[in-house]
Amino acid sequence: MKMGNYYPPFSLRISDELLEKLKTIAFYNKRSTNKEMEFALEKYVQEYENEHGELLL
């Protein structure tokens, strides 16, 4: 059974330095590191779509 708030797992390889910086930013924003990454990616996609138009799935 699929849960309403379920996202499929996704593995991401990033440098230790970048991960530590993301952890620090997440702490200041009172988010988990995962949610901070999700927020950053959503912002990136939104900026891309603002410049290039909506991406159709």
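Here, every reference points to the structure presented above.
**Q** Would you take a moment to explain the pattern of salt bridges for this structure?
**A** Where charged atoms from two side chains of opposite charge come close, those side chains can pair. In total, this model carries 4 salt bridges according to the counting rule given. One salt bridge in this structure joins Lys21 and Glu17, with 3.2 Å as the shortest N-O distance. Placement of both Lys21 and Glu17 in helix 1 (residues 16-28) is noted, with a separation of 4 residues, approximately one turn of the helix. Take Glu17: its relative accessible area is 54%, and that puts it in the exposed class. Linking Glu20 and Lys23 is a salt bridge whose minimum nitrogen-to-oxygen distance equals 3.5 Å. Residue Glu20 and its partner Lys23 are both found in helix 1; the two are separated by 3 residues, about one turn of the helix. Looking at Glu20, the relative accessible area reads 44%, which means it is partly exposed. According to the relative accessible area criterion, Lys23 is partly exposed, its value standing at 37%.

**Q** I tried to follow the packing of aromatic side chains on my own but got confused; where do I start?
**A** Centre distance and the angle of the planes are the two values used to describe a pair of aromatic rings. Tallying each qualifying case throughout the model produces 1 aromatic pair. Sitting over the face of the ring of Phe39, Arg31 holds its NZ or CZ atom 4.2 Å from the ring centroid.

**Q** Is there a simple way to explain the packing of helix 1 against helix 2 (residues 33-52) in this structure?
**A** Two quantities define a packed helix pair, namely the angle between the axes and the distance from one axis to the other. At a minimum axis distance of 9 Å, the contact between helix 1 and helix 2 shows a crossing angle of 95 degrees. The angle between the axes of helix 1 and helix 2 places the two elements in the roughly perpendicular class. Taken together, the residues of helix 2 that come into contact with helix 1 (itself represented by Leu19, Leu22, Lys23, Ile25 and Ala26) are Thr33, Glu36 and Met37. When grouped by side-chain class, the residues that make up the contact of helix 1 with helix 2 number 5 nonpolar, 1 polar and 2 charged.

Rules used throughout
- Residues numbered from 1 in each chain as written.
- Predicted model: local features only at pLDDT ≥ 70, side-chain atom pairs only at ≥ 80, totals over all residues.
- Heavy atoms only, no water.
- Salt bridge = Lys/Arg side-chain N within 4 Å of Asp/Glu carboxyl O.
- Helix = DSSP H or I, 4+ residues; strand = E, 2+ residues; numbered from the N terminus.
- Buried < 20%, exposed > 50% of the residue type's maximum accessible area, 1.4 Å probe, protein only.
- Phe/Tyr/Trp six-rings, centres within 6.5 Å; stacked < 30°, edge-to-face > 60°.
- Lys NZ or Arg CZ within 6 Å of the ring centre and 35° of its normal.
- Axes fitted to C-alpha atoms, helices over the stretch in contact; angles between N-to-C directions.
- Parallel < 35°, antiparallel > 145°, perpendicular 65-115°, else oblique.
- Contact = heavy atoms within 4.5 Å.
- Nonpolar A, V, L, I, M, F, W, Y, C, P; charged D, E, K, R; others polar.

Remember that the coordinates give geometry; whether it matters functionally is a separate question.
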